[in-house]
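Topology and contacts: notes
Here's the letter readout for the chains.
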Amino acid sequence: MGRSQAMRSGGRDPRFGPAADDAGCPVLHVDMDAFFASVEVRRRPELRGRPVVVGGVGPRGVVSSASYEARRFGVRSAMPAARARALCPHAVFLPPDFPAYAAASEAVMAVFRDVTPLVEPLSLDEAFLDVAGARRLLGRPAAIARLIRERVLEEQRLTCSVGVAPSKFVAKLGSTRAKPDGMIVVPQPLVLDFLHPLPVDALWGVGERAAETLRRLGLATVGDLARAPIGMLRRAVGEAASAHLHELSWGRDPRRVEPEHVEKSVGAELTYDTDVSDPAVIRRSLLALAEKVAVRLRAGGLVGHTVSIKIRLADFRTVSRSRTMPSATDVAREIFAIAVALFDAYGATEHIRLIGVRMTGLASAATASRQLTLGEPERGWREAEAASDAAAARFGAGIVGPASLLGRTDLRRTENHPYSAVVPLSDPPTPS
């Protein structure tokens, strides 16, 4: 049983229903339900009610998202795709379309920011909100949570689950327990009543190994851990972790909602169905990954200074290489050029299982300066890729792309479309 499943087992306690006392509960955690799968179902209504799995479709692929119809068969995020197919062979398996998910996320976050400027995104599909300042205009926290759920459903045709609580930690646990398409309010006086019956791995920082260690000591629930001698916890998980878990087990989480959340990196990876050693195949993979990274950077209004590649060999050894550029970029062609140079410099002779590209040293595209190269046209690849983004937003992902990836559905998502086009990799677009 996974952590989320364990959190929801046993039904919903009416003391924590939508009508519970929300005084002293200014923090909301909003979590979209099966987000990637739900976005796919939204644009393919014929899939509604069917098990849908988004993720790597090859034998080494990993599940990114699964609809609740698929979860009933035991399919979970981060599960190997082969295992998901064995559990639910009649499911619809789809490759991820991250530009579509980024666009949906941007629309959902805009709804949140209409309610309060204090929004802290954690990922594409979840965020913390501090609604203390919105009470005079929009009402109590539970009413604001209902408003958000109604707007997301009406405007985006997606569902979300919300936890309303005194702190970020408890609010996140509340949204998990409310899934799918629900809301839980944890009144301030009842925080320990809510926390202490939960399994010990509901606490942030308790993974499978730590949970097993704690269970061997008889600490199966959060309440067990809260009442355990601190010395026992230190011996089990160490000094720092023991203090952290002890505080959380008593509902103490002083962190505020931080709206200025800055992404530290943007990346993409590809696991091959079978190990490869052909440099041409790997270069095409690096091109597809550079495209994905550039699209995500532009969607987030970001540029990056450092390109990194990750190479996982057939024996699972992992090698990383990076290079920092003199000026930041969000252009796939520039990211690809560095990635290929890093790969060639490594000189891989072994078979490769996984390849990845990542950008770090991120900054806002609006404020970052760009150093022009002597003789470089004023308009070129950046404008071409921005036009590609606009075309993808209107007609669907995969409509425009490098000619070397044409027909390569294993490397980039393509769709049969009357307006499909390709851009040669070797020659830059002519400035207009």
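Just above, that's the structure.
Cut-offs and rules
Each residue is numbered by its place in its chain's sequence as written, counting from 1. A pLDDT threshold of at least 70 governs which residues receive local features in this predicted model, and a stricter bar of 80 or more applies before side-chain atom pairs are shown or counted, although totals over entire chains, interfaces and linings include all residues. With hydrogens and water stripped out, all remaining heavy atoms of the structure feed into the side-chain values. Helical segments are the DSSP runs of H or I of at least four residues, strand segments are the runs of E of at least two, and each set is numbered from the N terminus. Two N or O atoms count as a polar contact when they lie within 3.5 Å, although within protein this holds only if one can serve as hydrogen donor and the other as acceptor, and sequence-adjacent residues are included solely when both atoms are side-chain atoms. Expected span, for any helix, means 1.5 Å times one less than how many residues it has. The classification of residues rests on relative accessible area computed with a 1.4 Å probe and restricted to protein chains. Under 20% of the type maximum is buried, over 50% is exposed, and intermediate values are partly exposed. We call two strands paired when DSSP finds no fewer than two bridges between them. Put simply, the grid is 1 Å and covers the protein atoms alone, a cavity is a trapped set of points that fit a 1.4 Å probe, a pocket is an open set with protein on both sides within 12 Å along at least five of seven lines, and lining residues have an atom within 4 Å of a point. Grid points are joined across faces, edges and corners, and a volume is the space filled by probe spheres set on the points. Asp, Glu, Lys and Arg are counted as charged, while Ala, Val, Leu, Ile, Met, Phe, Trp, Tyr, Cys and Pro are counted as nonpolar; the rest, among them Gly, fall into the polar class. With axes taken as lines fitted to C-alpha atoms, and helix axes fitted only over the stretch in contact, angles between N-to-C directions fall between 0 and 180 degrees. Pairs of residues are marked as contacts when any of their non-hydrogen atoms sit within 4.5 Å. This arc is taken over the directions from the axis of the helix to the C-beta atoms.

**A look at the side chain of Glu-120**
- Tracing the backbone shows Glu-120 in strand β5 (residues 119-123).
- A polar contact is formed between the side chain of Glu-120 and the side chain of Lys-168, at a distance of 2.8 Å.

**Describing helix α15 (residues 332-346)**
- With 15 residues, α15 extends 21 Å from end C-alpha to end C-alpha; this agrees with the ideal 21 Å at 1.5 Å per step.
- Looking at α15, one finds that the buried residues are Ala-332, Ile-335, Phe-336, Ile-338, Ala-339, Val-340, Leu-342, Phe-343 and Tyr-346.

**Details of the pairing of strand β10 (residues 302-313)**
- Of all 12 residues in β10, 9 are buried, a share of seventy percent or more.
- Examined bridge by bridge, β10 and strand β12 (residues 352-364) share 11 bridges and lie antiparallel to one another. Counterpart to Thr-306 in the pairing with β12 is Thr-360.
- Two strands pair when backbone bridges link them, and β10 and strand β11 (residues 318-329) are joined in this way by 8 bridges, in the antiparallel orientation. Within the sheet, the bridge partner assigned to Ser-308 lies in β11 and is Ser-322.
- Connecting the antiparallel pair β10 and β11 is a turn made up of 4 residues, with Phe-316 showing a positive phi of about 75 degrees.

**Things to note about the layout of surface pockets**
- What the second largest pocket holds in volume is close to 350 Å³.
- Contributing elements (two or more residues each) for the lining of the second largest pocket: α2 (35-43) and α3 (68-71).
- The dominant element in the lining of the second largest pocket, judged by the number of residues it contributes, is α2, at 4 residues.
- Split by residue class, the lining of the second largest pocket holds 8 nonpolar, 4 polar and 7 charged.

**Examining the sheet that holds strand β6 (residues 126-130)**
- Reading across the sheet, the 5 strands line up as β5-β6-β1-β7-β8 and stay open at both edges, with mixed pairing between neighbours. On the outer flanks of this sheet lie β5 and β8 (183-185), each paired with one strand and no other. Sheet twist, expressed as the average angle between the axes of neighbouring strands with direction ignored, equals 15 degrees.
- Relative to β8, strand β7 (residues 160-165) runs parallel, the two sharing 3 bridges. Its bridge partner being in β8, Gly-163 is matched across the sheet by Ile-184.
- Its contacts with the sheet place helix α5 (residues 98-115) against β1 (27-32), β5 and β6, and it is angled at close to 155 degrees to β5.
- Contacts between helix α7 (residues 141-156) and the sheet are confined to β1, β6, β7 and β8, with β7 contributing the most and set at about 170 degrees to the helix.

**Overview of α7**
- Relative to the 22 Å expected for 16 residues at 1.5 Å per residue, α7 spans 22 Å between its end C-alpha atoms, a close match to the ideal helical length.
- Among the residues of α7, those classed as buried are Pro-141, Ala-142, Ile-144, Ala-145, Ile-148, Val-152 and Gln-156. The arc that holds every buried residue of α7, seen down its axis, measures 160 degrees, which confines them to one face. Of the residues in α7, the exposed ones pointing more than 90 degrees away from the buried face are Glu-150 and Glu-154.

Nothing here speaks to function; it is geometry throughout.
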